Amino acid sequence: MESEGGVAPRVVAFVDLDYFFAQVEEIQRPDLRDKPVVVCVYSGRGPTSGVVSSANYVARSYGVRAGIPISRAVRLLPPTSAFLPVRMQLYSEFSSRVMTLLREYSDRLRVESIDEASMDITGRVGGDYVRAETLAREIKERMRQELGLKCTIGIAPNRTVAKIAADLSKPDGMKVVIPSQVRSFLSPLDVEKLPGVGRKLAKALEGLGVRTLGQLARLQPEALEEVVGLKRASYLVRAAAGNLDEIISERGPRKQLSRIITLKMDTRDVDEILEQLKPSLGQLIEKMREGMTMARNIGIYVVTEDLQPITRQRTISGPISSDTCYEAIRRMLTELVADKPTIRIRRAGIRFSGFIAAGGQQTLTDFTADNP
Ligand code: TTP
Ligand code: MG
Ligand code: MG
């Protein structure tokens, strides 16, 4: 199986656990198994205030999905359904056990999120896609027997195609895309199937007559330059053609997540600063959601007009929501400007830290090797 350059293609497996949080809850309580199970992030404001974090496939058959309000899920589901609060620590423990098992099968493994890993298995299977399929079956079998968990595995020459293959084969599925089939596999798919292409970008692409990955792959990156910039455009075109060759690098758990902006003008007006920080806060929360990590601490970082940096931090109690974070930031900023009656702020940032580990090894080398 040689590609044009004479280099044997890599073999990458992408593993994603099925309805992960809800599945762990089912394992804890087998009586829930045939009922709709919904794991919720309660905001604490009222009995059904908050959002759905994970729903089993029974609940999904009623239209319940991650991200919808709990109150809507309550309306959609029969009264026998189970609504359970998130238990991150428990899911983290399961995640670590999953990653430990997967590590046994990989040359290199990257923990992508609490319930996902990509694995380079090229050496492990000698570049052979038939052996890769056997290996994936064995992984699924052991996950089931030793952890009681169902998962879906995609196998392909690169991480992006492997992830798409897994996404399309859920639940309890498996899909192998051999190198010669990559183009025909991707070509008919909607552009939104490509990780990182959201509604907005899909709409913009549609405006250019591009709906499928095949159409995207045939574009010159310059044609997209105005929409996404040249760098992202060439990335998208290559990804759509199945030509990305991402190195699967080991990576430890994230230690901090931050965003900093330069304010439109120097100010000590807390409302003004908050207004400008709002999009950054949204992006950070979105990032945590994607990676399914949760921070224990929230902090602010400001730089004054005379370039002095100042930081403040506090511990978050209870679940993270944009409202609670916004309030915490408001309080920190208010205290800060009260403490320092003369300062004017030039740059302002938000920093989350103290993450609950999203699986994987947490050794010193993991922290130092790939996390400068
Ligand atoms: P996903 O893998 O996206 O979802 P899932 O495992 O529940 O379902 P699927 O079978 O489709 O893979 O996310 C993994 C976990 O991350 C999920 O169980 C709960 C959490 N999560 C949230 O809390 N909020 C969200 O919006 C999403 C998408 C996931
Ligand atoms: Mg999942
Ligand atoms: Mg996932």
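See above for the structure.
Residues numbered from 1 in each chain as written. Chains lettered and ligands numbered in written order. Predicted model: local features only at pLDDT ≥ 70, side-chain atom pairs only at ≥ 80, totals over all residues. Heavy atoms only, no water.

**Re the overall build of the chain**
Okay, so step 1: What the chain contains, in helices and strands, is 14 helices and 12 strands.
Okay, so step 2: Against the globule reference of 21 Å for 372 residues, the chain gives a C-alpha radius of gyration of 23 Å, in line with a compact fold.
Okay, so step 3: In the chain, the proportion of contacts linking residues at least 24 apart, taken out of those at least 6 apart, comes to 64%.
Okay, so step 4: Of the roughly 18500 Å² that the chain leaves accessible, carbon and sulfur atoms contribute 49%.
Okay, so step 5: Each charge class in the chain was averaged separately, 54 positive and 46 negative side chains, and the resulting centres sit 3 Å apart. (Helix = DSSP H or I, 4+ residues; strand = E, 2+ residues; numbered from the N terminus. Rg over C-alpha atoms; globule rule 2.2 N^0.38 Å. Contact = heavy atoms within 4.5 Å. Areas by Shrake-Rupley, 256 points an atom, 1.4 Å probe, with all protein chains shown as cover. Lys, Arg positive; Asp, Glu negative; His and termini not counted. Charge placed at Lys NZ, Arg CZ, Asp CG, Glu CD.)

**Here's the deal with the coordination of the magnesium ion (ligand 2)**
Okay, so step 1: Protein coordination of the magnesium ion (ligand 2) is provided by D16 (OD), L17 (O) and D115 (OD), with donor distances spanning 2.0 to 2.2 Å.
Okay, so step 2: Relative to the metal, the 6 donor atoms surrounding the magnesium ion (ligand 2) lie at angles of 76 to 175°, and the coordination shape comes out octahedral.
Okay, so step 3: In the primary structure, the donors to the magnesium ion (ligand 2) are separated according to the pattern D-L-x97-D.
Okay, so step 4: Taking relative accessible area as the criterion, D16 reaches 7% and is therefore assigned buried.
Okay, so step 5: Of the residues examined, D115 reaches a relative accessible area of 14% and is grouped as buried. (Donors = N, O, S within 2.8 Å, 3.2 Å for Na, K, Ca; no water. Tetrahedral: all angles 85-135°; square planar, octahedral: opposite > 155°, others 65-115°. Buried < 20%, exposed > 50% of the residue type's maximum accessible area, 1.4 Å probe, protein only.)

**Structural notes on the nonpolar core**
Okay, so step 1: Within the largest apolar cluster, 74 residues are counted, with the highest numbers of intra-cluster contacts made by L102, M143 and F352.
Okay, so step 2: Counting residues in each nonpolar core, the second largest holds 33 residues, with A166, V197, A202 and A239 among its members. (Core = buried A, V, L, I, M, F, W, Y, C linked by side-chain atoms within 4.5 Å.)

**Focus: the environment of S96**
Okay, so step 1: For S96, the position within the fold is in helix 4 (residues 88-103).
Okay, so step 2: Residue class for S96 comes out partly exposed when judged on its relative accessible area of 26%.
Okay, so step 3: Taking the C-alpha atoms as reference points, S96 and D115, 19 residues apart in sequence, are found 9.5 Å from one another.

**Quick notes on the sheet that holds strand 1 (residues 12-17)**
Okay, so step 1: Within the open sheet, the 5 strands sit side by side as 5-6-1-7-8. Their pairing is mixed. The open sheet has two edge strands with one neighbour each: strand 5 (108-113) and strand 8 (174-176). Adjacent strand axes in the sheet meet at a mean angle of 15° when their direction is disregarded.
Okay, so step 2: The pairing of strand 1 with strand 6 (residues 116-120) spans 5 bridges and is antiparallel. (Pairing = 2+ DSSP bridges. Axes fitted to C-alpha atoms, helices over the stretch in contact; angles between N-to-C directions.)

**Describing unusual backbone geometry**
Okay, so step 1: For the bond from K170 to P171, the omega torsion is -10°, close enough to zero to count as cis.
Okay, so step 2: Within the secondary structure, P171 is located in the loop between helix 6 (159-167) and strand 8.
Okay, so step 3: Even without being a glycine, Y19 presents a positive backbone phi close to 20°.
Okay, so step 4: Mapped onto the elements, Y19 comes out in the loop between strand 1 and helix 1 (20-28).

**Brief notes about the coordination of the magnesium ion (ligand 3)**
Okay, so step 1: Every protein donor of the magnesium ion (ligand 3) is accounted for by D16 (OD), D115 (OD) and E116 (OE), and the metal-donor separations fall at 2.2 to 2.4 Å.
Okay, so step 2: Sequence positions of the residues that donate to the magnesium ion (ligand 3) give the spacing D-x98-D-E.
Okay, so step 3: Distance-wise, the magnesium ion (ligand 2) is placed 3.4 Å from the magnesium ion (ligand 3), both being coordinated by D16. Placement of the pair is D16 in strand 1 and D115 in the loop between strand 5 and strand 6, with a sequence separation of 99 residues. Across the pair, D115 and D16 agree in class, each one buried.

**Let's talk about the pattern of salt bridges**
Okay, so step 1: One pass over the full model with this rule turns up 27 salt bridges.
Okay, so step 2: Close ionic contact of R142 with E104 constitutes a salt bridge, the shortest N to O distance being 2.8 Å. In this pair, R142 is assigned in helix 5 (residues 129-147) and E104 in the loop between helix 4 and strand 5, connecting sequence segments 38 residues apart.
Okay, so step 3: For E104, a relative accessible area of 46% corresponds to the partly exposed category.
Okay, so step 4: Here E327 and R330 are joined by a salt bridge, their closest N and O atoms 3.4 Å apart. Highlighted residues: E327 and R330, both in helix 13 (residues 322-339), separated by 3 residues, approximately one helical turn.
Okay, so step 5: Taking relative accessible area as the criterion, R330 reaches 26% and is therefore assigned partly exposed.
Okay, so step 6: One continuous salt-bridge network, built from bridges that share partners, spans R10, R108, D120 and D245. (Salt bridge = Lys/Arg side-chain N within 4 Å of Asp/Glu carboxyl O.)

**Focus: the packing of helix 4 against helix 5**
Okay, so step 1: At a minimum axis separation of 11 Å, helix 4 and helix 5 run at an interaxial angle of 140°. On the basis of the axis angle, helix 4 is oblique to helix 5. Our pair here, helix 4 against helix 5, has a crossing hand that is right-handed. On helix 5, the residues that touch F94, R97, V98, L101 and L102 of helix 4 are I139, R142, M143, E146 and L147.
Okay, so step 2: Each residue belonging to the contact of helix 4 with helix 5 can be placed in one class, and the counts come to 7 nonpolar, no polar and 3 charged. (Parallel < 35°, antiparallel > 145°, perpendicular 65-115°, else oblique. Left-handed = near helix turned anticlockwise from the far one by under 90°. Nonpolar A, V, L, I, M, F, W, Y, C, P; charged D, E, K, R; others polar.)

**Considering the side chain of D16**
Okay, so step 1: In this structure the side chain of D16 is engaged in a polar contact, spanning 3.3 Å, whose partner is the side chain of K170.
Okay, so step 2: Ignoring sequence-local partners within four residues, the contact set of D16 consists of D115, E116, C151, T152 and K170. (Polar contact = N/O pair within 3.5 Å; in protein donor to acceptor, adjacent residues only side chain to side chain.)

**Observations concerning helix 5**
Okay, so step 1: In a regular helix each residue adds 1.5 Å, so 19 residues correspond to 27 Å; helix 5 covers 26 Å between its end C-alpha atoms and thus fits that length.
Okay, so step 2: Y129, A132, L135, A136, I139, K140, R142, M143 and L147 are the residues of helix 5 that are buried. Across the axial projection of helix 5, the buried residues extend over an arc of 170°, all falling on one side. Every exposed residue of helix 5 that faces more than 90 degrees away from the buried side is listed here: V130 and Q145.
Okay, so step 3: Tucked into the core, helix 5 has its buried residues touching strand 1, helix 1, helix 4, strand 6, strand 7 (151-156) and strand 8.
Okay, so step 4: In this structure D128 caps helix 5, since a side-chain oxygen of it lies 2.7 Å from the backbone nitrogen of V130.
Okay, so step 5: In the stretch just after helix 5, G148 is the one whose phi turns positive, near 75°. (Expected span 1.5 Å × (residues − 1). Arc of directions from axis to C-beta.)

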